[in-house]
Amino acid sequence: MQKLRKEVEKFKKKILENKNLPQHIAIIMDGNGRWAKKRGLPRIAGHKAGVKTVKRIVKAAGELNIKFLTLFTFSTENWRRPKKEVSAIMGLLYKTTKKEIDELYQNNVRLITTGRIDGFSPRRKEILEKAMEKTKNNTGLTLNLALNYSGRVEILDAVRKIIKDLKKGKIDEEKIDSKLFSSYLYTKDLPDPDLLIRTSGELRLSNFLLWQTSYTELYITDVLWPDFSVSDFHQAILDYQKRERRFGGVG
Ligand code: FPP
């Protein structure tokens, strides 16, 4: 335990000594189901263990002064899961939000969401909205939960809004460029992610932040989300800090 804590402190120091700290980290938290299956447990036990990982990674990100952490919590496609699993995930999300909001507030975390939260029941939406309202003036980590989120739907929603504004004459067709397009996305107030971490070894984006990840550095680990430790998180950041980002140029 003592040795582990020392290792965590050592990595933390190393990350902070390097100058290029990622401003925005996005995570696809995958592998809860497999983690549970390996132990002969129901899938929901994996999601419960996944919430514990969320707590430790949020804390670790705050300690490193990371500005934005986006977690892929529930995709539009996840509604296709068995009803029992969907309601268990929802239950966990709202229970955790209610339980943790005071601590998030104390830790200067600002909670926001990305996605169509209008798709949730009014009672559930209210829990999220209250939590966002309470933390809206916090200046530390912005914790962004992607909920009822689909990258393609986000792009289509932006296209619809742009067409409306074009028709109203609010924007000029010639002026539609990447910057303007980004300002129509759900994430208009966030910088693009610098680093995207995906746990449990799958090599795909799964409809996550499709527009925003054009030049994001990817880090994929075989570790299942419930097992993802603060050291694993630190390893991912240290790996990112060694990369040369050229954005299509020559460096
Ligand atoms: C992916 O594992 C995980 C999810 C779809 C749900 C993630 C949700 C949580 C961890 C709870 C959210 C709570 C908060 C507070 C953010 P999977 O089920 O796809 O795993 P598998 O690929 O092994 O089946």
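Here, the structure is the one placed above.
Residues numbered from 1 in each chain as written. Predicted model: local features only at pLDDT ≥ 70, side-chain atom pairs only at ≥ 80, totals over all residues. Heavy atoms only, no water.

Enquirer: Please explain the nonpolar core as it appears in this structure.
Expert: Among the nonpolar cores identified, the biggest contains 45 residues, and I25, I27, L69, I197 and F233 are the most heavily contacted of them. Among the elements that make up this core, the one with the highest residue count is helix α4 (residues 83–106) (7 residues). In contact with I197, other than residues within four places in its own chain, are I25, A26, I27, I28, Y219, F228, F233 and A236. Listed in part, the 8 residues of the second largest apolar core include A26, I28, Y149 and L196. (Core = buried A, V, L, I, M, F, W, Y, C linked by side-chain atoms within 4.5 Å. Buried < 20%, exposed > 50% of the residue type's maximum accessible area, 1.4 Å probe, protein only. Helix = DSSP H or I, 4+ residues; strand = E, 2+ residues; numbered from the N terminus. Contact = heavy atoms within 4.5 Å.)

Enquirer: Where do I start with empty space enclosed by the protein in this structure?
Expert: Counted by the stated rule, this structure contains 1 cavity of 30 Å³ or more. Volume-wise, the largest cavity comes out at about 30 Å³. In terms of lining, the largest cavity is formed by H24, T187, L190, P191, D192, P193, L209 and Q212. Residues of the lining of the largest cavity, tallied by class, amount to 4 nonpolar, 3 polar and 1 charged. (1 Å grid on protein atoms, 1.4 Å probe; cavity = no way out; pocket = protein on both sides within 12 Å on 5 of 7 lines; lining within 4 Å. Points joined across faces, edges and corners; volume = space filled by probe spheres on them. Nonpolar A, V, L, I, M, F, W, Y, C, P; charged D, E, K, R; others polar.)

Enquirer: What is the right way to look at the packing of aromatic side chains in this model?
Expert: Pairs of aromatic rings are described using the distance from one ring centre to the other and the angle between the two planes. Throughout the structure, instances matching the rule amount to 10 aromatic pairs. Their ring planes at 75° and their centres at 4.9 Å tell us that F74 and W79 sit as a pair that is edge-to-face. Overall, the relative accessible area of 1% leaves F74 in the buried class. Since its relative accessible area comes to 35%, W79 is described here as partly exposed. (Phe/Tyr/Trp six-rings, centres within 6.5 Å; stacked < 30°, edge-to-face > 60°.)

Enquirer: What am I meant to see in the site of the ligand here?
Expert: Among the 15 residues in the neighbourhood of the ligand, the closest are listed as D30, G33, R34, R43 and R81. One of the backbone nitrogen or oxygen atoms of G31 is found 3.3 Å away from an oxygen atom of the ligand. Within the backbone of R34, an N or O atom sits 2.7 Å from an oxygen atom of the ligand. Judged by the proximity of its atoms to the pocket grid, the ligand belongs to the largest pocket. At the level of secondary structure, the elements contributing two or more residues to the shell around the ligand comprise α2 (32–38) and α3 (43–63). (Near = heavy atom within 4 Å. Polar contact = N/O pair within 3.5 Å; in protein donor to acceptor, adjacent residues only side chain to side chain. Sits in = over half its atoms within 2 Å of the grid points.)

Enquirer: Would you mind showing me how to read the environment of D30 here?
Expert: Looking at the element boundaries, D30 is found in the loop between β1 (24–28) and α2. The spacing of D30 and T73 is 43 residues in sequence and 9.6 Å in space, taken between C-alpha atoms. Setting aside its immediate chain neighbours within four residues, D30 contacts R198, T199, S200, E202, L224 and W225.

Enquirer: I keep staring at the environment of G251 and nothing clicks. Help me out?
Expert: Within the fold, G251 resides in the segment after α8 (230–242). In this structure, the C-alpha to C-alpha distance between G251 and K6, residues 245 residues apart in sequence, is 36 Å. Aside from chain neighbours lying at most four places away, what touches G251 is E244 and R246.

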